[in-house]
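Spelled out from the first residue to the last, the chains are:
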Amino acid sequence: MVNKATATIGYPRIGLNREMKKALEAYWGGKSSLDELLKVSKQVEEESLKDQMNAGIQLIGVGDHTMYDHVLDWTFRLGLIPDRFKQVQNPKDKYFAMARGNKEGLQALDMSKFFDSNYHYLVPELNAHSKPSPSFEEFLDEISRAQQQIGKERAVPIVFGPVTYARLARCEGVSVDEMISRLVPAYVSLLNSLKSLQVPEVQLHEPGFVLGDAETLQKAAEAAYQELAKVQVPINLVTYYDDLGKTYPWVVKLPVQTISMDFVRGDNLSLVKKHGFPADKKLGAGVLDGRSVWKDTGYAAQVIKELEAIVKSAIVVQPSCSLMHVPLDVNSEPSLDSSLKSRLSFARQKIAELGVVASGKSDGASSGSSGATSQDLEATLDKSMFSRCEPFSKRRSQQFTVPGGFGTTTIGSFPQTPAVRKLRLQYKKGQVSEEEYQRQIDRHISFAIGVQEALGLDVFVHGESERSDMVEYFGQKLRGFTFTENGWVQSYGSRYVRPPIIYADVSRISPMTVREFVVAQSMTNKPVKGMLTGPVTILNWSFPRKDIPRKQQALQIALALRDEVADLEKAGCAIIQMDEPALREGLPLKKERWNEYLDWAVKSFRLSTVVAAPKTQIVTHLCYSDFQDILEAIDQMDADVLTIENSRSDDAMLRALAQYGYARDIGPGVYDVHSPAVPSTEFLVKKMEGFKKSGILLERLWINPDCGLKTRQWEEVIPSLRNMVDVAVQLRKTTKNGI
């Protein structure tokens, strides 16, 4: 194997020590200036480029740094700003209002999962009047800074492609094809500006081409790229997250100089073997898994070898996708077991691996996991373990309900105050004993219960003060998981997570949540929910093993959670919430693969929950994804209550559930937990008034916020919930057959 060029197509943009999070939250909290925020942002940007330059990467993707979300960045740069934000004069205030809303009550853009990842993007809102009014100055300045730091010959601008941008937008009154054509002049202008900067090429990121419906984009995409090609700046068309599937034959014929493909997910290798690859184009071979923390085992070198036998032009070695999906540096993990650590590869390690693969010296060292279980776990389980003993129609009368509907509750977490975070850190460092730690946690639980009593909520939660993260907490109490100290990954904005790493078979060690439930329930006569994270979400929000199928790992986690459900029930818990916000996220991008995934995902949820007696109410929570196309699977989960994120989406999911004929209880979110605004009673009345138009039986409605409240402050939470409860109680009193 001869030496190959190396490239990156995106890099973590949060900083080694979460500098961006700290700077953003200080700015939002009025504790720092915009200049201070921008200074930190540029420092993080520079460090990212320095990493890639020091690793010897020849073509470094630049311009992907963001203050909140890269899709939002392009909405802002293209001038496609919804009318409601035009009243905000300051550009940065406008940008953050689009991301988070503001205290004046402006509703933020809707947020959704980015393809099948745990990253969330802000959904562009486009309509018949939408016409780009671009301003690319800040982006061009970023490119110029990168050129000065790493050299013009290495700095390759990353541009979010017009086809994918339009495809991911919410288009009302305008077709996706029409929006693509409207975007083209703005992109032509940008390419001309980049050409004047003498860039070696431009990466146009078009992951939308791997979606199952991408065939419908062919005509508009071909027309768009014909126009873009006229600028005569080299274009690298970058796709990732899956193979091109049926779009491959026409995508590789687009008038671009390089086609980049993901050779880790999907089966692009078979497509190349079947159809060949154009001799006049370079191939960007995404052979290192940009979404896994495991070192390459020799797979990358093998794929390159097979491609060399087919591809006649140059091959560039690169990650399968942006490295924003993995932590920054495994060397920042001093506490990891050394034998495990040697098999891990974070962003800095992966860019070093690129050079090894490109040089042909890949050693194929063992990695991936340990303690493999090869048997089909489902085949060993009795079928009765997947079904509740009575149907919902018989269960509901035995469970807690609020006559007339409009029962009030929250989704689970309450504010993670500085005092709570400090306590957990002290406990982690051994500065407080377990006895003292639990005593302090119980004080926070007591406060949360007292607040809910004062507000008059119907179903309580304990507040989750002992949990830093809804997945990490459970992983720390299960065999088969390991954890990082600094392995942060951006979920959205300043919300970062530390995904656990699954390295062996999973099982429960001891009860995980029972103690806190018992403490909380002892403080009130109102029912307190047991709060669990579901098996599919734990799996999808972890870095899984690569030696056994995801299905096997999900079922292992489900069995562990099943034991927890049984123990909560024995402790007197009458309502158990099993959250599955990542259910949709794990759905394959090609529809023909959906049934297999949904089959084991639903079975995993049911395996976890059906151990509950008919009188025990099982609640689940779904959020920040489009679930309308998997309603049958949601129905098959057989939860007694379904709570959903709803406030930003204009009741779309609620109407879809009604049209489907969903017959169980539903809790649509009535206000946006990511906005600092306190919802007024007028706003909430209007929101709840809209529910009668959905077709859902009002007696089966629950009222709750969109999601957990951990990122908010008590000063926001208490008045928000007070207004929510007041409106719900009033509607309950005045409602019989409608609002």
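Rules used throughout
- Residues numbered from 1 in each chain as written.
- Predicted model: local features only at pLDDT ≥ 70, side-chain atom pairs only at ≥ 80, totals over all residues.
- Heavy atoms only, no water.
- Helix = DSSP H or I, 4+ residues; strand = E, 2+ residues; numbered from the N terminus.
- Expected span 1.5 Å × (residues − 1).
- Bend = angle between axes of the 7 residues up to and from the residue.
- Buried < 20%, exposed > 50% of the residue type's maximum accessible area, 1.4 Å probe, protein only.
- UniProt positions renumbered as here; feature names shortened; annotations may be inferred.
- Polar contact = N/O pair within 3.5 Å; in protein donor to acceptor, adjacent residues only side chain to side chain.
- Domains from an automatic or database assignment.
- Salt bridge = Lys/Arg side-chain N within 4 Å of Asp/Glu carboxyl O.
- Nonpolar A, V, L, I, M, F, W, Y, C, P; charged D, E, K, R; others polar.
- Core = buried A, V, L, I, M, F, W, Y, C linked by side-chain atoms within 4.5 Å.
- Phe/Tyr/Trp six-rings, centres within 6.5 Å; stacked < 30°, edge-to-face > 60°.
- Lys NZ or Arg CZ within 6 Å of the ring centre and 35° of its normal.

## Examining helix H7 (residues 176-196)
- A rise of 1.5 Å per residue sets the reference length of H7, with its 21 residues, at 30 Å; its end C-alpha atoms lie 30 Å apart and thus fit the reference within 8%.
- Residue Val184 marks the point of greatest curvature in H7, where the axis turns by about 30°; the proline Pro185 follows within four residues.
- Taken together, the buried positions of H7 are occupied by Met179, Ile180, Leu183, Val184, Ala186, Tyr187, Leu190, Leu191 and Leu194.
- Following H7 by one or two positions, Gln198 adopts a phi angle in the positive range, close to 60°.

## Some remarks on the UniProt feature "active site" (unreviewed entry) in the chain
- Residues given the UniProt feature "active site" (unreviewed entry) here are His674.
- Structurally, His674 can be placed in the loop between strand E22 (665-668) and helix H24 (681-689).
- Judged by its relative accessible area of 9%, His674 is buried.
- Engagement of the side chain of His674 in a polar contact is seen with the side chain of Tyr492, the distance being 3.1 Å.

## Quick word on the domain arrangement of the chain
- Segmenting the chain into domains produces domain 1 (4-359) and domain 2 (406-416 + 447-737).
- Distance from the C-alpha centre of domain 1 to the C-alpha centre of domain 2: 31 Å.
- Salt-bridge contacts for Lys590 lead to Asp242; the nearest nitrogen and oxygen are separated by 3.7 Å.
- Inspection of the region where domain 1 meets domain 2 yields 25 residue pairs in polar contact (both at pLDDT 80 or more).
- Elements supplying a minimum of two residues to the side of domain 1 that touches domain 2: helix H1 (19-28), helix H4 (91-100), strand E3 (111-113) and strand E4 (120-122).
- Looking at which element gives the most residues to the side of domain 1 that touches domain 2, the answer is H1, with five residues.
- Here the side of domain 1 that touches domain 2 is composed, by residue class, of 26 nonpolar, 15 polar and 15 charged.

## Section: the nonpolar core
- With 107 residues, the main nonpolar core has Leu194, Phe209, Tyr225, Phe263 and Leu307 as its most contacted residues.
- No other element matches H7, which puts nine residues into this core.
- Core analysis: the next-biggest nonpolar cluster, separate from the first, contains 91 residues, Leu423, Leu457, Ile630 and Leu654 among them.

## A look at unusual backbone geometry
- The phi torsion at Gln198 lies on the positive side, around 60°, for a residue other than glycine.
- Relative to the elements of secondary structure, Gln198 occurs in the loop between H7 and strand E8 (202-205).
- The exposed category is assigned to Gln198, whose relative accessible area is 54%.

## Details of the packing of aromatic side chains
- This model, assessed by the stated rule, comprises 22 aromatic pairs.
- Pairing Tyr27 with Phe96 gives two aromatic rings, centres 5.9 Å apart and planes at 50°, and the pair type is tilted. Here Tyr27, found in helix H1, pairs with Phe96, found in helix H4; they are 69 residues apart in sequence, far enough to count as distant. The burial state of Tyr27 is the same as that of Phe96; both residues are buried.
- Consider the rings of Phe114 and Tyr241, whose centres lie 5.9 Å apart with planes at 85°: the pair is edge-to-face. Taken together, the residues Phe114 in the loop between E3 and E4 and Tyr241 in the loop between strand E9 (235-238) and helix H9 (248-251) connect sequence positions 127 residues apart.
- With a relative accessible area of 1%, Phe114 lands in the buried category.
- For Tyr241, a relative accessible area of 2% puts it in the buried group.
- Here the basic side chain of Lys21 rests over the ring of Tyr496, its NZ or CZ set 5.9 Å away from the ring centre.
- The residue whose ring lies beneath Arg100 is Trp28, and the NZ or CZ to ring-centre distance is 3.9 Å.

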